[in-house]
Amino acid sequence: MKKSMYLVLVIFTVFTSCKNKEKANNATTQEVNKQPNIIFIYADDLGYGDVSAYGATEFSTPNMDKLANGGVKFTNGYATSATCSPSRYALLTGMYPWRNKKAKILEGSAPLIIDTEQKTLPKILKSQGYKTGIVGKWHLGLGDGDVNWNGHISPGPNEVGFDYSYIMAATQDRVPTVYIKNGFVENLDPNDPIEVSYSKNFEGEPTGTKNPELLKMIGDPQHSNSINNGVPRIGYMKGGTSAKWIDEDMADTFLVKAQNYIKEQKNNPFFLYYALQQPHVPRTPHSRFVGTSGMGPRGDVIIEADWCIGELLKTLETEGLLENTLIVLSSDNGPVLDDGYADNAVEKLGKHKPWGELRGGKYSLLEAGTRVPFVTYWKGTIEPQVSNALVSQVDLLASLSELVDADVPNTDSQNLMDVFLGKTNNGRENLIIEATSRTAFRQGNWVLIPPYKGPAVNKIKKIETGNSKEFQLYNLKEDIGQETNLAKTNPTKLQEMINKFEAIRGTSYNDTQEPVFK
Ligand code: NG6
Ligand code: CA
């Protein structure tokens, strides 16, 4: 090529890439592609400080970092609750979980807590031509109270908006320990039917308590019922031997299903809810990841989850979908170390701080219970940045409705699509957070925690609960670690916060009983 030609080409390339950049920087909700694929990656119990882009220094999470550093990294992004089922309920319905008394940590045999008539995020997307799929943890209940695990398990994800579902019913530590595909237990032998009970064991079936010789992992008394794959669980299960999962293969199983879904749906817009099981207990990394974090199973499964995210990104890249896909990454609640199994999470933690500089953790009304990693990534459309806007997972329903040009339903969900696209910093003005049936209120940089009965520290989990006989008032701008209670020194602010909180929440929060730590 002649030198002059080469120069022209270089100038042209620089010019067009600047132009593209300009376009990316200026994209508003009106201008962006209205039908991108949407993938929501939801980790289970991943703490604010568990991602290197969010400050973890003792191991690295390169794939989560790629999203966080290449998209909007929210530093004030919240799950609605400090536990799983309520957070997932809000994500899919756009409603605060404290509005629904059933939105609590559910047993594996609990009925579905979403009304099948209710508007949901997948239903809205479906109405705009999307295909909708869920792969991974469900934990929103199945059936109507008396599930026949051997027939069609319904209602469930397919009845609240998902065309495709490949799920575990509840948590990795709860029975039934089987995968359910579109309402049917996978690999079930009809001659070995499944029975599930959360009240009593089935005659002759081993349990963690009675048969420690069968265990490869020790559970506390609540996690010492039926055994699958050498791991004792919560709840009792009989039968279904050929259908039972192998915990160490779960990450690969879900990943392959998620990748296949992407490949199958690539010719039409799709929504994929990829609900990872890590780093919830029991932490069971595949042998490829054992020892990779130097922190025992809890760290190893975070590395495993990060790898899964990397593989998913590779699939999007190979299929040519990365620039046409909005990815949201977050966690359903904050971190916990000892959550029922002896897996050395406490002993091997070293200098790692799963909660980062925040106070509390899973189950807590303090910040680390609900403030979680929260990232939006859309290659070529979202400009990399850090945002301190106040956003909650409950807002995805209204925001994504706006993105795909659907009517924005009247819920607790706020349309913050331009915030999620990194176009503005105007997030929510306030937010109610929830933890084990208690609620607290954030307004601007202030947070109010009303008095609640119960212990200030959960001794087993070693997590501060947020309970106090007194009102607590913190200024997060100056005191992110919630060390100084300003309730007494700033009575004006306290009263203002109480008034605003009660205007939204009502006064019945006072009746909340001592929180139950299950
Ligand atoms: C608790 C379990 C805990 C975990 C949690 C749900 C006991 C003692 N503890 O009840 O191990 O399963 O429920 O976690 O049973 S979540 O992330 O799904 O909310
Ligand atoms: Ca969780």
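How each quantity is defined
- Residues numbered from 1 in each chain as written.
- Chains lettered and ligands numbered in written order.
- Predicted model: local features only at pLDDT ≥ 70, side-chain atom pairs only at ≥ 80, totals over all residues.
- Heavy atoms only, no water.
- Salt bridge = Lys/Arg side-chain N within 4 Å of Asp/Glu carboxyl O.
- Helix = DSSP H or I, 4+ residues; strand = E, 2+ residues; numbered from the N terminus.
- Buried < 20%, exposed > 50% of the residue type's maximum accessible area, 1.4 Å probe, protein only.
- Pairing = 2+ DSSP bridges.
- Donors = N, O, S within 2.8 Å, 3.2 Å for Na, K, Ca; no water.
- Tetrahedral: all angles 85-135°; square planar, octahedral: opposite > 155°, others 65-115°.
- Axes fitted to C-alpha atoms, helices over the stretch in contact; angles between N-to-C directions.
- Parallel < 35°, antiparallel > 145°, perpendicular 65-115°, else oblique.
- Left-handed = near helix turned anticlockwise from the far one by under 90°.
- Contact = heavy atoms within 4.5 Å.
- Nonpolar A, V, L, I, M, F, W, Y, C, P; charged D, E, K, R; others polar.
- Domains from an automatic or database assignment.
- Buried area = accessible area lost by both parts, 1.4 Å probe.
- Polar contact = N/O pair within 3.5 Å; in protein donor to acceptor, adjacent residues only side chain to side chain.

Draft legend 1. Structural context of the pattern of salt bridges. Evaluated as defined, the whole model comprises 25 salt bridges. Here Lys34 and Asp405 are joined by a salt bridge, their closest N and O atoms 3.6 Å apart. Placement of Lys34 in the loop between helix H1 (3-26) and strand E1 (37-43) and of Asp405 in the loop between helix H7 (396-403) and helix H8 (417-420) is noted, with a sequence separation of 371 residues between them. On the accessibility criterion, Asp405 (53% relative accessible area) is exposed. In this structure, Lys488 and Glu470 form a salt bridge, with 3.2 Å as the shortest nitrogen-oxygen distance. Note that Lys488 is positioned in the loop between strand E22 (472-475) and helix H9 (491-505) and Glu470 in the loop between strand E21 (463-464) and E22, a separation of 18 residues in sequence. Within the structure, one salt-bridge network assembled from shared partners comprises Asp44, Arg88, Lys137 and Asp332.

Draft legend 2. Just the pairing of E22, in detail. Here E22 shows no split at all, with Gln472 and Tyr474 on one side and Leu473 and Asn475 on the other all buried. As defined by bridge partners, strand E19 (residues 446-449) adjoins E22 across four bridges and the pair is classed as antiparallel. Paired with Val447 across the bridge in E22 is Tyr474.

Draft legend 3. A look at the coordination of the calcium ion (ligand 2). Around the calcium ion (ligand 2), the protein supplies Asp44 (OD), Asp45 (OD), Asp332 (OD), Asp332 (OD) and Asn333 (OD1) as donor atoms, at distances of 2.2 to 2.7 Å. Of note is the calcium ion (ligand 2), whose six donor atoms meet at the metal with angles of 52 to 172° in an arrangement that counts as irregular. Mapping the donors of the calcium ion (ligand 2) onto the primary sequence yields the spacing D-D-x286-D-N. Comparing Asp332 with Asn333 shows no difference in burial state: the two are buried.

Draft legend 4. The packing of helix H5 (residues 250-265) against helix H6 (residues 297-318), seen in detail. Interaxial distance between H5 and H6 falls to 10 Å at its minimum, and their mutual angle equals 20°. Judged by the angle between their axes, H5 and H6 are roughly parallel. Crossing angle aside, the handedness with which H5 passes H6 is right-handed. Mapping the contact onto sequence places Ala251, Asp252, Leu255, Ala258, Gln259, Ile262 and Lys263 in H5 and Glu304, Trp307, Cys308, Glu311, Leu312, Thr315 and Leu316 in H6. Across the contact of H5 with H6, the residue classes tally to eight nonpolar, two polar and four charged.

Draft legend 5. Here's a closer look at the sheet that holds E19. With respect to topology, four strands assemble into an open sheet ordered E17-E18-E19-E22, the strand pairing being antiparallel. This sheet does not close on itself; its edge strands, each paired only once, are strand E17 (430-435) and E22. Neighbour-to-neighbour, the strand axes of this sheet turn through a mean angle of 20°, independent of strand direction. Across the face of the sheet, H9 comes into contact with E17, strand E18 (438-443), E19 and E22 while running at roughly 120° to E18.

Draft legend 6. Quick peek at helix H3 (residues 84-93). H3 sits mainly inside the fold: 10 of its 10 residues count as buried. A positive backbone phi angle near 75° is found at Gly94, which sits one or two residues after H3.

Draft legend 7. Region of the structure containing the domain arrangement of the chain. You can read the domains of the chain as domain 1 (34-194 + 239-429) and domain 2 (432-505). Computed from C-alpha coordinates alone, the two centres of domain 1 and domain 2 are separated by 27 Å. Each side of the interface is counted separately: domain 1 has 29 residues, and domain 2 has 29 residues. For the pair domain 1 and domain 2, the two sides together bury roughly 2,600 Å², of which 56% comes from carbon and sulfur. For the domain 1 face of the interface with domain 2, the top three residues by lost area are Trp98, Arg359 and Leu365, together amounting to 33%. Inspection of the region where domain 1 meets domain 2 yields two salt bridges. One salt bridge connects Glu464 with Arg359, and the closest N-O pair in it is separated by 2.8 Å. Counting across the interface, domain 1 meets domain 2 through 15 residue pairs in polar contact (both at pLDDT 80 or more). For the side of domain 1 that touches domain 2, a count of residues per class yields 12 nonpolar, eight polar and nine charged.

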